[in-house]
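Structural characterization, general
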Amino acid sequence: MGWLVSMVIMSAFGSATVVKIFKLLFGAILGPLAASASTSLFVGTWTAITTGLGMRGVSKRVRGLRQGNKDVG
């Protein structure tokens, strides 16, 4: 359960950081469009970070299974 909580916290922190940088760079230029764009950016970044962290865990388990199969064979 700890891996899930840490993944959620990491995704939220990373997404919020990306949105803050986006608003600093483009907030004055885009004006009202920045709000909808930042929402989409937050969701997209959250998904990308969560997927990346999940795939890292899957890759680690697959390597462990392959090593186990190699030792048996």
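What comes next concerns the included structure. (Residues numbered from 1 in each chain as written. Predicted model: local features only at pLDDT ≥ 70, side-chain atom pairs only at ≥ 80, totals over all residues. Heavy atoms only, no water.)

1. Some words on the overall build of the chain
Note the threshold: Working definition: helices are DSSP H or I runs of at least four residues, strands are E runs of at least two. Numbering for both runs from the N terminus. What the globule rule says is 2.2 Å times the number of residues to the power 0.38, and the radius of gyration is computed from C-alpha atoms. Accessible area is worked out with a 1.4 Å probe on protein chains only. A residue is then buried under 20% of its type maximum, exposed over 50%, and partly exposed in between. Throughout, a contact is declared for two residues whenever any of their heavy atoms are within 4.5 Å. For accessible areas, the Shrake-Rupley method is used with a probe of radius 1.4 Å. Any residue's cover is judged against the shown protein chains and nothing else.
Counting its secondary structure elements, the chain contains 2 helices and 0 strands. A compact globule built from 73 residues would reach a C-alpha radius of gyration of about 11 Å, whereas the chain, at 18 Å, exceeds it by more than 25%. Classification of the 73 residues of the chain by burial places 12% in the buried group. Sequence separation of 24 or more characterises 63% of the internal contacts of the chain that already satisfy a separation of 6 or more. About 5700 Å² of surface is accessible on the chain, with carbon and sulfur atoms providing 73% of the total.

2. A few points about the environment of Leu53
Take Leu53: it is sitting in helix 2 (residues 33–72). What makes Leu53 partly exposed here is its relative accessible area of 23%. Distance from Leu53 to Met7, taken between C-alpha atoms, is 7.0 Å for residues 46 residues apart in sequence.

3. Examining the packing of aromatic side chains
Cut-off, in case you're wondering: Two rings from Phe, Tyr or Trp (for Trp, the six-membered ring) form a pair when their centres are within 6.5 Å of each other. A pair whose planes differ by under 30 degrees is stacked, one over 60 is edge-to-face, and the rest are tilted.
Overall, the coordinates contain 2 aromatic pairs when judged by the stated rule. Plain terms: the ring middles of Phe22 and Phe26 are 5.5 Å apart, the flat faces sit at 45° to each other, and that makes the pair tilted. Note that Phe22 and Phe26 are positioned in helix 1 (residues 2–30) at a spacing of 4 residues, about one turn of the helix. With a relative accessible area of 39%, Phe26 lands in the partly exposed category. Measuring from ring centre to ring centre gives 5.7 Å for Phe42 and Trp46, while their planes differ by 50°; the resulting arrangement is tilted. A residue pair is termed a helical-turn pair when its members lie 3 or 4 positions apart in one helix, as Phe42 and Trp46 do in helix 2 at 4 residues. For Trp46, a relative accessible area of 28% puts it in the partly exposed group.

4. Looking at helix 2
Test applied: The span expected for a helix works out to 1.5 Å for each residue beyond the first.
Counted at 1.5 Å a residue, the expected span for helix 2 with its 40 residues is 58 Å, and the 58 Å between its end C-alpha atoms agrees. Those residues of helix 2 not exposed but buried are Ala34, Ser38 and Thr45.

5. A closer look at the side chain of Ser15
Our working definition: Definition of a polar contact: a pair of N or O atoms within 3.5 Å, with one able to donate and the other able to accept a hydrogen when the atoms are protein atoms, and with sequence-neighbouring residues admitted only if both atoms are side-chain atoms.
Its place among the elements puts Ser15 in helix 1. A distance of 2.8 Å separates the side chain of Ser15 from the backbone oxygen of Ser11, its partner in a polar contact. Setting aside its immediate chain neighbours within four residues, Ser15 contacts Phe42, Thr45, Trp46 and Ile49.

These results come straight from atomic positions and should not be treated as a statement about function.
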